[in-house]
Amino acid sequence: MNWNQTHALVTGGTRGIGRALVGLLLEKGATVTATGLTSVSVDQARMECPQANWIVFDQSDENQRANLVERMNGKGVNLLVHNAGVQQLHDFTQEGGTLQYTTELETAINFIGPVELTKSMLPQMRHLPGARLVFVTSGLALAPKRSSPVYCANKAGLRSFAKSLRAQLRNAQWNIEVTEALPPLVDTDMTRGRGRGKISAQTAARQIVE
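Sequence order as written defines the numbering, with residues in each chain counted from 1. Local features in this predicted model are restricted to residues of pLDDT 70 or higher, and side-chain atom pairs are both shown and tallied only at a pLDDT of 80 or more, whereas totals for entire chains, interfaces and linings draw on every residue. As a rule here, side-chain values cover all heavy atoms of the structure and leave hydrogens and water aside.

Draft legend 1. The arrangement of the packing of helix H4 (residues 103-125) against helix H5 (residues 149-171) in detail. The angle between two axes is taken between their N-to-C directions and runs from 0 to 180 degrees, where each axis is a line fitted to C-alpha atoms and a helix contributes only its stretch in contact. Strands here are runs of E lasting at least two residues and helices are runs of H or I lasting at least four, both read from the DSSP assignment and numbered beginning at the N terminus. Between H4 and H5, the least distance of the axes is 9 Å, while the angle of their chain directions is 15°. Relative to H5, H4 is oriented roughly parallel. In this structure, the crossing between H4 and H5 has a hand that is right-handed. Contact residues: Thr-103, Glu-106, Thr-107, Asn-110, Phe-111, Pro-114, Val-115, Thr-118 and Leu-122 in H4; Val-150, Tyr-151, Asn-154, Gly-157, Leu-158, Phe-161, Leu-165 and Leu-169 in H5. Note on angle classes: values under 35 degrees are labelled roughly parallel, values over 145 roughly antiparallel, values of 65 to 115 roughly perpendicular, and the remainder oblique. Working rule for handedness: look at the near helix, and if it is turned counterclockwise from the far one by less than a right angle, call the crossing left-handed; if clockwise, right-handed. In this analysis, two residues are considered to be in contact whenever any of their non-hydrogen atoms come within 4.5 Å of each other.

Pasting the structure below:
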């Protein structure tokens, strides 16, 4: 890609892989718009990285998706990185529990949000040079773990969507590339205290860009 002619929209850019991606894309010379779920996280990211354009955005919310698409109209976004996501531990054999998100909301954030945002952004991206969609899925899309069945299913669904969409775009001869980034276990807030042999968020971001 010609980074100097790239305007990247990165969801979930305030921490983890997303935050590392924002920094790396800026180093490459790209223009970057990045989102975060809360005003607190976005304000902190803006202080640390004022070169990016930061937006508070909950991709599970239909109205916020529409507003974001409207804000991006005419801004030349030719790289859309679907990075935002949440993972909760839930055992369906156990009653009760303290879920931060309902299973419906988890699915709205991890799967429905990226699909709907893609659908709405495609008309803007269709005729832009070097247009590309990047879906950050997970190794759990291939080898699900017992403790997070909804997250694993969401990532498997997003992987399948990306593959089908790639075939549709090629069949229609639209010049939009589709990339699936399928990282292993990455050392982020989401994985704190879980697993071993993690790679850093910076390493994951660098490999996605490469």
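Next comes the rest of the write-up.
Draft legend 2. Just the sheet that holds strand S2 (residues 31-36), in detail. One requirement defines pairing of two strands: DSSP has to find at least two bridges between them. The strand order across the open sheet formed by six strands is S3-S2-S1-S4-S5-S6, and the pairing between neighbours is parallel. The open sheet is flanked by strand S3 (53-56) and strand S6 (176-181), the only strands paired with a single partner. Pairwise comparison of adjacent strand axes, ignoring direction, gives a mean angle of 15° for this sheet. Of the pairings in the sheet, the one linking S2 to S3 comprises four bridges and is parallel in character. Residue pairing for S3: Thr-33 is matched across the bridge by Asn-53. The sheet strands contacting helix H2 (residues 39-48) are S2 and S3, and the helix crosses S3 at an angle near 170°.

Draft legend 3. Representation of the packing of aromatic side chains within the structure. Classification of ring pairs rests on two measures: the distance between centres of Phe, Tyr or Trp rings, Trp counted by its six-membered ring, which must be within 6.5 Å, and the angle between planes, read as stacked under 30 degrees, edge-to-face over 60 and tilted in between. Across all of its chains, the model carries one aromatic pair by this definition. On the basis of an interplanar angle of 80° and a centroid distance of 5.8 Å, the ring pair of Phe-135 and Phe-161 is categorised as edge-to-face. Of this pair, Phe-135 sits in strand S5 (residues 131-136) while Phe-161 is found in helix H5, placing the two residues 26 residues apart along the sequence.

Draft legend 4. Looking closely at the packing of helix H1 (residues 16-28) against helix H6 (residues 201-209). Taken N-terminus to C-terminus, the directions of H1 and H6 make an angle of 55°; their axes are 8 Å apart at the nearest point. On the basis of their axis angle, the class for H1 and H6 is oblique. The chirality of how H1 crosses H6 is right-handed. Packed against H1, whose contacting residues are Gly-16, Ile-17, Ala-20, Leu-21, Leu-24, Leu-25 and Lys-28, the element H6 presents Ala-201, Gln-202, Ala-204, Ala-205, Arg-206, Ile-208 and Val-209 at the interface.

Draft legend 5. Quick look at unusual backbone geometry. Even without being a glycine, Gln-173 presents a positive backbone phi close to 60°. For every residue, the accessible area obtained with a 1.4 Å probe (protein chains only) is divided by the maximum for its type, and the residue is called buried under 20%, exposed over 50%, and partly exposed between those limits. Take Gln-173: its relative accessible area is 69%, and that puts it in the exposed class.

Draft legend 6. Region of interest: the nonpolar core. Formed by 27 residues in total, the largest nonpolar core has its most connected members in Val-10, Val-22, Leu-25, Val-32 and Trp-54. Take this core: its biggest share by element is seven residues, from H1. Aside from chain neighbours lying at most four places away, what touches Val-22 is Val-10, Gly-13, Val-32, Ala-34, Cys-49, Ala-52 and Trp-54. We define the nonpolar core as a collection of buried residues of types Ala, Val, Leu, Ile, Met, Phe, Trp, Tyr and Cys that are connected through side-chain atoms lying within 4.5 Å of one another.

Draft legend 7. Representation of the side chain of Thr-35 in the model. Within the secondary structure, Thr-35 is located in strand S2. We classify Thr-35 as buried; its relative accessible area is 1%. Any N or O atom pair separated by 3.5 Å or less is treated as a polar contact, with the protein-specific requirement of one donor-capable and one acceptor-capable atom, and with residues adjacent in sequence counted only for side-chain atom pairs. Looking at Thr-35, its side chain comes within polar contact range of the main-chain nitrogen of Gly-12, at 3.1 Å. Those residues within four positions of Thr-35 in sequence are excluded, and the remaining contacts are Leu-9, Val-10, Thr-11, Gly-12, Gly-13, Thr-14, Ile-55, Phe-57 and Leu-68.

Draft legend 8. Region of the structure containing the side chain of Gln-88. Locating Gln-88 in the fold gives a position in the loop between strand S4 (79-82) and H4. Only 3.0 Å separates the side chain of Gln-88 from the side chain of Glu-106, close enough to count as a polar contact.

Geometry only, nothing functional implied.
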